[in-house]
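# Coordinate analysis (summary)
In case you want the letters, here they are:
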Amino acid sequence: MAPHSLEPTEEAPSYDINLPYKPASEKDQHKQEKVSKYPQYLPQWEPIFFPPCPEFDFFDPALRADKEKKTLLRDAEVKHISPKMGTELSGVQLSSMSDAAKDELALLVSERKCVVLRDQNFADWGPANQQNFAAYFGKPNYQPVTGSVPGFPGFHIIYRDGNQAEIDKFFEHKMTSTLWHQDVSYERQPPGYVILCILQAPEVGGDTVFASTAEAYNRLSPGFQSVLEGLRATHSSEKMCGFARANGGLCRKDPIRTSHPIVRLHPVTGEKSLFVNGEFIRGIDGWKDPESDILLNFLIDHITKGHDFQVRLSWKPKSVVIFDNRTTCHTATVDYDARSDKDRHMFRLASMAEVPIPAKE
């Protein structure tokens, strides 16, 4: 898990193949605008520098919720995707939810880890309404290296425009497109609730896979759990910022390093979960690199192979997914025909929450 230096080069393999790190050429921009159903959400890089996020108070809206969720579920059809995690809701609209319904939605997400809402008009609601909705669940996060919507820096644009040559170059270095992670785990107060809204997707493929890191923790022996509860790991955005700069992109925020507990406590459900990922962790605090590598690789291998505590979500038009970043890891999949004209285009809005609570003080 120790990071490797990346020398600036145009031939460097993509850090995350789902994301562009710099503006497209003028020719490619014209092409993207022609084929995109939502050209106003194509990634733009405003040269704005973000200062460090100050400490802030956070109250989880799920703690206000009616435990029976009577407002949210009054007209909803509920379908659980798997026993351990994942619920699909239909018959409700995010754009018309009352505050009581939003509180209950937060509780449902806390309990079920990820919630899929179908047939939403959320994508057409406009960036101001979308960003305000996400801000109900926590402080907006500003991603430092990827494109956003002009005037709305809380948008993180996820865009794959079918560049087969770039994908081929990526797989000269990598064996899989999967990159299991929690979003923005390097922040002092990482996101709790995260919204993904699809704008355009391939007819088949491009799914997102989620794993329950709470159930992953539960599968470990009590003795092993006890060891992990005393450990912390350092999360950092240095590798991500370094890659963006090496490839001609912007990094609009100084790199961050933050120490977090490896096992964290959920403020709503009381669950313990593993807070480790394959993207942002530099190592276990106080351990040598080989020791740290062995344990972190074991934990990430355990999470990613746990298909009996995972769900794979397909992106249908007008779908929105809201997930709990505190008790899940996730990855996109680039398994579709990149030569088709079906771009994979979505946006993320991440709502920052509490400082991770250690399972053992």
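We now turn to the structure provided with this report. The model shown is predicted, which means the values in this text are computed figures rather than measured ones.

### Remarks on the overall build of the protein chain
When you go through the protein chain residue by residue, the secondary structure sums to eight helices and 17 strands. In terms of C-alpha radius of gyration, the protein chain reaches 20 Å, essentially the compact-globule figure of 21 Å for 361 residues. A principal-axis box enclosing the C-alpha atoms of the protein chain has dimensions of 55 × 55 × 40 Å. Split into buried and exposed, the 361 residues of the protein chain put 56% on the buried side. Pairs at least 24 residues apart make up 83% of the contacts formed inside the protein chain by residues separated by at least 6 positions. A total accessible area of about 15800 Å² is found for the protein chain, and carbon and sulfur atoms account for 51% of it.

### A look at the pairing of strand E8 (residues 232–236)
Of all five residues making up E8, four are buried, and the element is well covered by its neighbours. Of the pairings in the sheet, the one linking E8 to strand E12 (residues 281–284) comprises three bridges and is antiparallel in character. The residue bridging His235 from the neighbouring strand is Ile281, located in E12.

### So, empty space enclosed by the protein
Vacant regions in the atomic arrangement are exposed by a probe of water-molecule size rolled over the atoms. Counting across every chain of the model gives two cavities of 30 Å³ or more. Empty space within the second largest cavity amounts to approximately 40 Å³. Lining the second largest cavity are Gln131, Ala134, Pro140, Asn141, Gly154, Leu349, Ala350 and Ser351. Secondary-structure elements contributing two or more residues to the lining of the second largest cavity are helix H3 (127–135) and strand E16 (344–352). In terms of residue count, the dominant contributor to the lining of the second largest cavity is E16 (three residues). Looking at the lining of the second largest cavity, its residues break down into four nonpolar, four polar and no charged.

### Some details on helix H7 (residues 238–246)
Residues of H7 that are buried include every one of Met240, Cys241, Phe243, Ala244 and Ala246, and no others. Phi for Gly248, located one or two positions after H7, is positive at around 85°.

### A closer look at the sheet that holds strand E7 (residues 208–212)
Strand order in this open sheet of three strands is E13-E7-E15, and the pairing throughout is antiparallel. The strands lining the two open edges of the sheet, one partner per strand, are strand E13 (310–313) and strand E15 (328–332). Each adjacent strand pair in this sheet contributes to an overall mean axis angle of 20°, direction not counted. Pairing between E7 and E15: five bridges, direction antiparallel. The residue of E15 that forms the bridge with Phe210 is His330.

### Some remarks on the sheet that holds strand E11 (residues 272–274)
With respect to topology, three strands assemble into an open sheet ordered E11-E10-E17, the strand pairing being antiparallel. Two strands bound the open sheet, and with one partner strand each, they are E11 and strand E17 (357–358).

### Description of the environment of Gln93
Of note, Gln93 is situated in the loop between strand E2 (87–90) and helix H2 (99–112). On the accessibility criterion, Gln93 (26% relative accessible area) is partly exposed. Each C-alpha atom, one on Gln93 and one on Asn121, is 7.3 Å from the other, the two residues being 28 residues apart in sequence. Beyond its immediate stretch of four places on either side in the chain, Gln93 contacts Asp119, Gln120 and Asn121. A distance of 2.7 Å separates a polar atom in the side chain of Gln93 from the backbone oxygen of Asp119. Of the polar contacts made by the side chain of Gln93, one reaches the backbone nitrogen of Asn121; its length is 3.1 Å.

Reading guide: rules and limits
Throughout, residues of each chain are indexed from 1 in the direction in which the sequence is written. With the structure being a predicted model, the display of local features is reserved for residues of pLDDT at least 70 and the display and counting of side-chain atom pairs for 80 or more, all residues being used for whole-chain, interface and lining totals. Each side-chain value is worked out from all heavy atoms of the structure, with water and hydrogens disregarded. Helix and strand assignments come from DSSP, with helices taken as H or I runs of at least 4 residues and strands as E runs of at least 2, each series counted from the N terminus. Between the two quantities, the radius of gyration covers C-alpha atoms and the globule rule is 2.2 Å times the number of residues to the power 0.38. Summary of the burial criterion: residues with accessible area below 20% of their type's maximum are buried, those above 50% are exposed, and those between are partly exposed, where the area comes from a 1.4 Å probe applied to protein chains only. Any two residues whose heavy atoms approach within 4.5 Å are treated as being in contact. Computed with a 1.4 Å probe, the accessible areas rest on the Shrake-Rupley method; for each residue, only the protein chains presented here act as cover. At least two bridges found by DSSP between two strands are what make those strands a pair. Only protein atoms enter the 1 Å grid used here, on which a cavity is any set of points holding a 1.4 Å probe that cannot leave and a pocket is any open set flanked by protein within 12 Å on both sides along at least five of seven lines; residues with an atom within 4 Å of a point are listed as lining. Grid points are joined across faces, edges and corners, and a volume is the space filled by probe spheres set on the points. Residues are sorted three ways: Asp, Glu, Lys and Arg are charged, Ala, Val, Leu, Ile, Met, Phe, Trp, Tyr, Cys and Pro are nonpolar, and all the rest, Gly among them, are polar. Structural elements are reduced to axes, namely lines fitted to C-alpha atoms, with helices fitted over the stretch in contact, and the angle between N-to-C directions of any two is expressed from 0 to 180 degrees. Definition of a polar contact: a pair of N or O atoms within 3.5 Å, with one able to donate and the other able to accept a hydrogen when the atoms are protein atoms, and with sequence-neighbouring residues admitted only if both atoms are side-chain atoms.

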